[in-house]
Amino acid sequence: MTYHLPNFDILIIGAGPAGLCAALRLLALGYEVGLVEQAVFPRNQIGESLSPGVRNIFQYLQAEHLLDDPRYLSGLHANVIWETRDPQWMEAAHHGAGIVVDRSGLDRALLELAIERGLQIWQPAKLEACQKAGTHWQLKIRFQNDLVQLTSSVVLDARGRQGIQRKERYQTAPSTVAIWAHVPVKEMPTVTTIEALENGWLWGSPMPGKRFRAMAFVDPLFVQQSNVKKVFSELIAQSKLFNKITPHLNLDECQTCSVLNYIHTNPWNEEIIKLGETAFTLDPLSSTGVEKAMRFSLQTSIAVHTFLKTGNTDLAKTFYENKIIEAVATHTIWTKNYYHSAWPASEFIFWKNRSNYILEKTRNENKIIDQLISKTNNFEIPSKKITPKKQHIPTVLNSLWHQPVALSPQLTFSNSICVVDDLLKIKTSILHPNLERETAFLGQHELKPILDRINGHDTFGDLLQKWNEQMVFSDAAKIGVYLWEVGVLVSRS
C-alpha cells in the first residue's frame, strides 16, 4: 500500500550532524521539515573528536546542553611529535578546547532535540525513488513495509558517502587508509597523542567508555603490500609515544576504513542540494570534519531560506557554491602546508605525495572545480595584515579629533553576497590590503553608506558626529578608530 502525506517545505535524507544541523536551523526559521533516515539509532560512528569551533555552532542552535554529558572529555592536553622527532607538550589552552564525544549518543540526542522542535521523521526508512513533479520533488520511501510518498520543494541530501557516486567525486588529496584499535585507557596518558612516522602518522585519544583509541593513517599501497594487522603493529612498535601499548593490542579487533578527500562536482542540482560528506570530505588531520559539515549546513540553510522566500535561485546557489569552494580550498591549502611541516616531509613518499599534491583540471568544464583549482593551486601566502591594537578609545579620539581625514587611495569596492536578517542580499564591500577579506559590515553597521558621508572637509571628529546621527556614539567611535588603524581612513594632506 502507498500512503501520500502532506507536502513539506524541505525534506532531508540522512540524520548525521549535517542533516540534523540543517533541520534545527530550518525549523527555527519556521519551515515544515521532514527527515528520512535508513539506520536505526544509536549507530556506531567514527569521528568522536570534535574541534573547538563546534561549541559555537551548538550554542547558535540552542543545543549547547547536549555537549554537557559527563562522559564527554574536554580540555585535553596534547603530546605531539610532528615538526621535530622530539615530543612537544601542548597545553589545551594553546590548541583549543576540543571535545571527545560518544558520536552515537550525540547524534541520537540531536535527533531527539529536532523532533521536540517539530521535525517529522521516518526511521528506519529506505529511499526508493526521487523524481521531479512540476515544481516539487516526490520521494518514495519504504517504511514499516509500506511505500510512503513524500513531497517537498527542496531536498537536502545528507546521506554521507552513500549519497555520492564515484563519477560525481573530484578528488582533492591522495587516498589514505585508517586503521584503529582500542586498549584500556589506563595504558596511555589522558591526553591527545599525535606522532608523525616515516610511512604515516598516528593519532590517539581517550574515549568515553574508559577506552583509548590508537589510529594509524597510511597510504593504501602500503597496506596492500603487507596486511592490516602487520602494518598497524609495526607502526605502533616504531613509535615513541604509542609503543607502550604494544602488549595490550588485540590485533584481531583492528578496524579499517578508507579516507577519501573529495568535493561533489554538482552539489546543487535543481533543488536537490548536498550536505555533509555528500557534498565534500576533509582530511582527518585537523579533526574539523564535523564542525565544517555543520557550519556548511548553516550556510546552506540560509541559501535555502533565501530561495524559498524570494525565488532567487541564482543568488542562493552562488552563495552555496562559494561556501563549498571556500571550505574545501581553505582546508586543502592548510592540510598540504601541515603535511609539509612534518619532520619526514622532505624524505618520505607518504609525506611528499600529500604536501605536493596538485589539483588537476577535469576533461569537462566545471565551474566549481575550476574555481577550486584556481584558489588552491595559485595560493600565495598573504602579506601580513595589520592587527589593530587594543587601545583606550577616549585617548585615541583625543589625539585624532581635529585630524583631517580622507579615504585611503588603496581602498576599492566590490559587490558581495551578505547575510542580512537571515536572507542573502547583494551589498557593497570594501577591499584594502590590510583587511583579511572583503568587508561589508562592522558589527551591525553597513560600511558603504557611512563611508559615502566623508567629504573633502571632514575632520575625524566631524565624521564621528555625522555617524552619530545613525548609530550610538560608542559604535561610531569604535568603527572610526578601527578604520583608522587598518588604514582605510588616512590623514588628508
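Everything here concerns the structure above.
Counting starts from 1 at the beginning of each chain's written sequence and moves along it residue by residue. Reporting in this predicted model follows two pLDDT cut-offs: at least 70 for local features of residues, and 80 or more for side-chain atom pairs to be given and counted; totals over whole chains, interfaces and linings ignore these cut-offs and use all residues. To obtain the side-chain values, all non-hydrogen atoms of the structure were included, while hydrogens and water were left out.

Caption draft 1: Spotlight on the nonpolar core. Nine residue types can take part in a nonpolar core, namely buried Ala, Val, Leu, Ile, Met, Phe, Trp, Tyr and Cys, and a core is a set of them joined through side-chain atoms within 4.5 Å. Note on classification: 1.4 Å probe, protein chains only; a residue is buried when its accessible area is under 20% of the maximum for its type, exposed when over 50%, partly exposed between these limits. Counting 69 residues, the largest nonpolar core has Leu26, Phe58, Leu119, Leu156, Ile263 and Phe280 as its most contacted members. Contacts: residue pairs with any heavy atoms within 4.5 Å of one another. Aside from chain neighbours lying at most four places away, what touches Leu156 is Ile10, Leu11, Ile12, Ile13, Ala22, Leu26, Ile273, Leu275, Thr300 and Val304. Listed in part, the 44 residues of the second largest apolar core include Trp82, Leu197, Phe212 and Phe350.

Caption draft 2: Highlighting the environment of Lys375. Secondary structure elements follow DSSP: runs of H or I of four or more residues count as helices, runs of E of two or more count as strands, with numbering from the N terminus. Tracing the chain through its elements places Lys375 in helix α11 (residues 367–377). Judged by relative accessible area, which is 47%, Lys375 ranks as partly exposed. Sequence separation between Lys375 and Lys292 is 83 residues; the distance between their C-alpha atoms is 18 Å. When near neighbours in sequence (up to four residues on either side) are disregarded, Lys375 contacts Ile325, Ala329 and Ile333.

Caption draft 3: The packing of aromatic side chains, seen in detail. Each Phe, Tyr or Trp ring, with Trp reduced to its six-membered ring, pairs with another whose centre is within 6.5 Å; inter-plane angles below 30 degrees give stacked pairs, above 60 give edge-to-face pairs, and intermediate values give tilted ones. According to the stated counting rule, one finds 15 aromatic pairs in the structure shown. On the basis of an interplanar angle of 75° and a centroid distance of 6.2 Å, the ring pair of Tyr339 and Phe350 is categorised as edge-to-face. Here Phe350 lies in helix α10 (residues 349–355) and Tyr339 lies in helix α9 (residues 313–341), a separation of eleven residues in the sequence. Note on Phe350: relative accessible area 3%, which makes it buried. Taken together, a centroid distance of 6.2 Å and an interplanar angle of 85° make the contact between Phe460 and Trp484 edge-to-face. Residue Phe460 is located in helix α14 (residues 460–467), and its partner Trp484 is located in helix α15 (residues 473–485); the two are separated by 24 residues in the primary sequence. The exposure class assigned to Phe460 is buried, which follows from its relative accessible area of 0%.

Caption draft 4: The packing of helix α12 (residues 393–400) against α15, seen in detail. To define axes, lines are fitted to C-alpha atoms, for helices over the stretch in contact only, and angles between the resulting N-to-C directions are given on a 0 to 180 degree scale. Here α12 crosses α15 at 70°, and the two axes come no closer than 11 Å. It follows from the interaxial angle that α12 and α15 lie roughly perpendicular. Handedness of the crossing formed by α12 with α15: left-handed. Here α12 contributes Ile393, Val396, Leu397 and Leu400 to the contact with α15, which in turn contributes Phe473, Ala477, Val481 and Trp484. Within the contact of α12 with α15, the residues separate by chemical class into eight nonpolar, no polar and no charged. When an angle is under 35 degrees it counts as roughly parallel; over 145 it counts as roughly antiparallel; between 65 and 115 it counts as roughly perpendicular; any other value is oblique. The handedness criterion is simple: a crossing whose near helix is rotated anticlockwise from the far helix by less than a right angle is left-handed, and one whose near helix is rotated clockwise is right-handed. Residues are grouped as follows: Ala, Val, Leu, Ile, Met, Phe, Trp, Tyr, Cys and Pro are nonpolar; Asp, Glu, Lys and Arg are charged; every other residue, Gly included, is polar.

Caption draft 5: Quick look at the sheet that holds strand β14 (residues 176–184). A pair of strands is labelled paired if DSSP reports no fewer than 2 bridges between them. In space, the seven strands of this open sheet follow the order β7-β6-β15-β16-β17-β14-β18, with mixed pairing throughout. Looking along the sheet, the strands with just one partner apiece sit at the ends: β7 (88–90) and β18 (255–259). Going from strand to strand, the sheet's axes swing by 20° on average, the running direction of each strand aside. Sheet topology note: the β14/β18 ladder contains five bridges and is antiparallel. Within the sheet, the bridge partner assigned to Thr176 lies in β18 and is Val259. Where helix α6 (residues 228–238) meets the sheet, it contacts β14, β15 (192–197), β16 (200–207), β17 (211–218) and β18, and its direction lies at approximately 105° from that of β17.

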